[in-house]
Amino acid sequence: MARYLLLRLLDAIPTVLLVLTLVFIAMRILPGDPAIAALGDMATADQLAAFREKMGLSAPLWLQYIQFVINACRLDFGKSMMTNQSVLGLIAYNLPYTIELTIVAMIMGTVVGVPFGVLAATHRNRAPDSGMRAFSLLGYAIPDFYLGALLLIVFALNLGWFPINGGGTGFLDRLYHDFLPALTLALVKAAFIGRLTRTSLLEVLGKDYVRTARAKGARETRVIYRHGLRNALLPLTTGMGLSLLTTLSGSVAIEMVFNRPGIGKLLINAIAERDYAVIQGGIIVFAMFVVLVNLAMDLLYIAVDPRVRVKS
């Protein structure tokens, strides 16, 4: 296990380096001058030059790149060009809101999606199956930001059941603020997870060992959950890993719709202000999460599938 984990970590190094390179290049080709964005159009040439010197923007690109990679490895993302606050501090403040929104949305989507998928698979071509397919089609068709706006208008503005904006303070209040944006993401995730559960379970239920278990007189619930769903976990695990990543990226739009703090909103505001340091730090943190989620999925495969455990 330790050797496998070490190999996976080594495999992640080129990915991280590629992400750092792409982020650096993308920031340098964005239109607009960060010095003018920070100081305004009325700034003098001397003020602009001093600002670029202070932020390291006047150095040659190759030197900027080396310094950027070194600082990123030390989690030193510098200071915001707009507010002069530590980028790491801004990320540390906003990141928990994005993580908790993602986790709550994934839990809600899984709790709804997996049972619906099992119900559809065990009632194939009947009403529950048709309902599951219609729900999946609807979930795929509606953009999450549009669904979020609808839920916000109905349940927050008109009915007043949920807050309109903010992230809340304290555990229960934050969960209360999380519910509506998490529900927006969860409905889309439930459609995907439910369809994937149905497809995976139907494939497993057609295997010979399932027919053998039924022939031996095993109860249907045991056949479905012990032999069926348990062996359908590997593709389901893969799909949930991908769903977790799309939920994390989808939180960007949802944070803007519900006007709540988070990495997504921080990045959007930084892009509008050409704040290089915040953009670079936020994107790197997103990339690190992708690498960590992929690594966690690889380790989960070992627990779910004994064949992977033997090969590792």
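Residues numbered from 1 in each chain as written. Predicted model: local features only at pLDDT ≥ 70, side-chain atom pairs only at ≥ 80, totals over all residues. Heavy atoms only, no water.

Peer 1: What is the right way to look at the overall build of the chain in this model?
Peer 2: Check the secondary structure of the chain and you find 14 helices and zero strands. In sequence order, the secondary structure elements of the chain are arranged as α-α-α-α-α-α-α-α-α-α-α-α-α-α. The contacts of the chain with a sequence gap of at least 6 include a subset with a gap of at least 24, amounting to 73%. About 16,800 Å² of surface is accessible on the chain, with carbon and sulfur atoms providing 68% of the total. (Helix = DSSP H or I, 4+ residues; strand = E, 2+ residues; numbered from the N terminus. Contact = heavy atoms within 4.5 Å. Areas by Shrake-Rupley, 256 points an atom, 1.4 Å probe, with all protein chains shown as cover.)

Peer 1: Can you help me understand the pattern of salt bridges in this one?
Peer 2: Pairing between side chains becomes possible if they bear opposite charge and their charged atoms approach one another. Evaluated as defined, the whole model comprises two salt bridges. Between E100 and R174 there is a salt bridge; the shortest N-O distance is 2.9 Å. In this pair, E100 sits in helix α5 (residues 87-122) while R174 sits in helix α8 (residues 171-205), placing the two residues 74 residues apart along the sequence. Residues R260 and D178 are paired through a salt bridge, measuring 2.9 Å at the closest nitrogen-oxygen approach. One end of the pair, R260, is in the loop between α11 (233-257) and α12 (263-273); the other, D178, is in helix α8, and 82 residues separate them in sequence. Accessibility assignment for this pair places R260 and D178 in one class, buried. (Salt bridge = Lys/Arg side-chain N within 4 Å of Asp/Glu carboxyl O. Buried < 20%, exposed > 50% of the residue type's maximum accessible area, 1.4 Å probe, protein only.)

Peer 1: Help me understand empty space enclosed by the protein, please; the structure alone is not making it clear to me.
Peer 2: Gaps left between atoms are located by rolling a probe of water-molecule size over the structure's atoms. All chains considered together, the criterion is met by one cavity of 30 Å³ or more. Here the largest cavity is characterised by a volume of approximately 70 Å³. Lining the largest cavity, in full, are F162, P163, I164, N165, G166, Y176, H177, L180, P181, F258 and R260. Split into classes, the residues belonging to the lining of the largest cavity amount to seven nonpolar, three polar and one charged. (1 Å grid on protein atoms, 1.4 Å probe; cavity = no way out; pocket = protein on both sides within 12 Å on 5 of 7 lines; lining within 4 Å. Points joined across faces, edges and corners; volume = space filled by probe spheres on them. Nonpolar A, V, L, I, M, F, W, Y, C, P; charged D, E, K, R; others polar.)

Peer 1: Help me understand the packing of α8 against α11, please; the structure alone is not making it clear to me.
Peer 2: α11 packs onto α8 with a crossing angle of 160° between their chain directions and a minimal axis gap of 10 Å. Of the possible angle classes, the one that applies to α8 and α11 is roughly antiparallel. Crossing handedness for the pair α8 and α11: right-handed. Contact residues: P181, T184, L185, K189, F192, I193, L196, T197 and S200 in α8; P235, L236, G239, M240, S243, T246, T247, G250, S251 and I254 in α11. The residue makeup of the contact of α8 with α11, split by class, is nine nonpolar, nine polar and one charged. (Axes fitted to C-alpha atoms, helices over the stretch in contact; angles between N-to-C directions. Parallel < 35°, antiparallel > 145°, perpendicular 65-115°, else oblique. Left-handed = near helix turned anticlockwise from the far one by under 90°.)

Peer 1: Explain the side chain of E255 here, please?
Peer 2: By the element assignment, E255 lies in helix α11. Nearest to the buried, unbridged E255 among oppositely charged side chains is R260, at 5.1 Å. Side-chain polar atoms of E255 contact the side chain of T98, separated by 2.7 Å. When sequence neighbours within four positions are dropped, the list of residues in contact with E255 reads T98, L101, R260, P261, G262, I263, G264 and K265. (Lys, Arg positive; Asp, Glu negative; His and termini not counted. Polar contact = N/O pair within 3.5 Å; in protein donor to acceptor, adjacent residues only side chain to side chain.)

Peer 1: For this particular structure, what's the right way to read the nonpolar core?
Peer 2: Soluble globular proteins tend to pack their nonpolar side chains together in the buried interior. F68, I91 and I263 are the most contacted members of the largest nonpolar core, which has 26 residues in total. The biggest single contributor to this core is helix α13 (residues 276-304), with seven residues. Once you skip the residues sitting within four places of it in the chain, I263 turns out to touch I91, N94, L95, T98, E255, G282 and F286. Within the second largest apolar cluster, 17 residues are counted, among which are L201, L205, A213 and A232. (Core = buried A, V, L, I, M, F, W, Y, C linked by side-chain atoms within 4.5 Å.)

Peer 1: It is not clear to me how the packing of aromatic side chains should be interpreted in this structure. Could you clarify?
Peer 2: Given two aromatic rings, their pairing is described by the distance between the two centres and the angle made by the two planes. Counted by the stated rule, this structure contains six aromatic pairs. The interplanar angle of 75° and the centroid separation of 6.2 Å between the aromatic rings of F116 and F135 together place this pair among those described as edge-to-face. Of the two residues, F116 is situated in helix α5 and F135 in helix α6 (residues 127-141); the sequence distance between them amounts to 19 residues. Its relative accessible area of 22% is what places F135 among the partly exposed residues. Here the aromatic cluster, defined as three or more aromatic residues joined through ring pairs, consists of F162, Y176 and F179. Above the plane of the ring of Y97 lies R174, whose end atom (NZ or CZ) is 4.1 Å from the centre. (Phe/Tyr/Trp six-rings, centres within 6.5 Å; stacked < 30°, edge-to-face > 60°. Lys NZ or Arg CZ within 6 Å of the ring centre and 35° of its normal.)

Peer 1: For this particular structure, what's the right way to read the side chain of T98?
Peer 2: If you trace the backbone, T98 turns up in helix α5. Classification of T98 by relative accessible area gives buried; the value is 1%. With residues near it in sequence (within four places) discarded, T98 still touches L248, S251, E255, G262, I263 and G264.

Peer 1: What is the right way to read a positive patch on the surface from this model?
Peer 2: Side chains of R219, R222, R226 and R230 sit close together on the surface and give a patch of like positive charge. Here R219 is to be found in the loop between α9 (208-215) and α10 (220-229). Looking at R219, the relative accessible area reads 64%, which means it is exposed. (Patch = residues over 30% accessible without salt bridge, like charges linked within 9 Å, V, L, I, M, F, W, Y side chains within 5 Å. Charge placed at Lys NZ, Arg CZ, Asp CG, Glu CD.)

Peer 1: Would you mind going over α5 with me for this structure?
Peer 2: An α-helical turn contains 3.6 residues, so any two residues separated by three or four positions project in the same direction. If you check α5, its first and last C-alpha atoms are 51 Å apart, about what 36 residues at 1.5 Å a residue would give, namely 52 Å. Its maximal kink placed at N94, α5 deviates by approximately 30°, while the proline P96 follows within four residues. The backbone nitrogen of L88 lies 3.4 Å from a side-chain oxygen of the residue at the head of α5, namely S86. (Expected span 1.5 Å × (residues − 1). Bend = angle between axes of the 7 residues up to and from the residue.)

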